[in-house]
Amino acid sequence: MCSSDLCPQTFGMRLTADMIARSPAFINPVKDRELDLRGNKIAVIENLAATQDQFDSLDLSDNEIRKVECMAVLPRLTTLLLNTNRVSRFADSGLARAFPNLTTLILTNNALTTLKELEPLAQFTSLTCLSLVDNVVTKQKGYRAFVIALIPKLRLLDYKKVKQAER
């Protein structure tokens, strides 16, 4: 049995208040206050209330996250970076409450495979930039049209401008 916060063989690392406090925080190139939680083998998005909603951008890239979910309410957060994880699903509800002002969601190189798995993204009513590059779902027939219809405010999908004709 594993009793510490460090149990990589079964759960990966726990995202604790202590880890959040020890992680680098800085002003990024676009002048957002960012918290860097990259490469910590984090398996579950949890304990984000410990950030006290002090960040515009949260970088959870290069971890082992399988599901996008959050119990904390973070109205300041506008950018969520989840590149190179194992994301294959989203919480069915609560995401809009947790991230009401999210404008940018980067999910490059994850495990999303079906259009149905993307339906919860409609909760993000402020989303203008989404990347699903290097996910199997991008090869699905009608993928781009489906996502544009799902998220009406989207301006950039997979780093390509959404054209008026595509709406």
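Everything discussed here concerns the structure shown above.
So, here's what we can say about the structure. Just so it is clear, the model here is predicted, and its values are computed rather than measured.

1. Observations regarding the pairing of strand 4 (residues 33-36)
As judged from the 3 bridges shared by strand 3 (residues 25-27) and strand 4, these two strands associate in the antiparallel manner. In the sheet register, Phe26 faces strand 4, and the bridge partner there is Glu34. The antiparallel hairpin formed by strand 3 and strand 4 contains 5 residues in its connecting segment, where Lys31 sits at a positive phi of about 70°.

2. A short note on the pattern of salt bridges
The tally for this structure, following the rule as stated, stands at 8 salt bridges. Across the pair Arg76 and Asp56 runs a salt bridge, and its minimum N-O distance is 3.0 Å. In this pair, Arg76 is assigned in the loop between strand 6 (67-68) and strand 7 (79-81) and Asp56 in the loop between strand 4 and strand 5 (57-59), connecting sequence segments 20 residues apart. Judged by relative accessible area, Arg76 falls into the partly exposed class, the value being 35%. Exposure remark for Asp56: the relative accessible area of 14% places this residue in the buried category.

Cut-offs applied
- Residues numbered from 1 in each chain as written.
- Predicted model: local features only at pLDDT ≥ 70, side-chain atom pairs only at ≥ 80, totals over all residues.
- Heavy atoms only, no water.
- Pairing = 2+ DSSP bridges.
- Helix = DSSP H or I, 4+ residues; strand = E, 2+ residues; numbered from the N terminus.
- Salt bridge = Lys/Arg side-chain N within 4 Å of Asp/Glu carboxyl O.
- Buried < 20%, exposed > 50% of the residue type's maximum accessible area, 1.4 Å probe, protein only.

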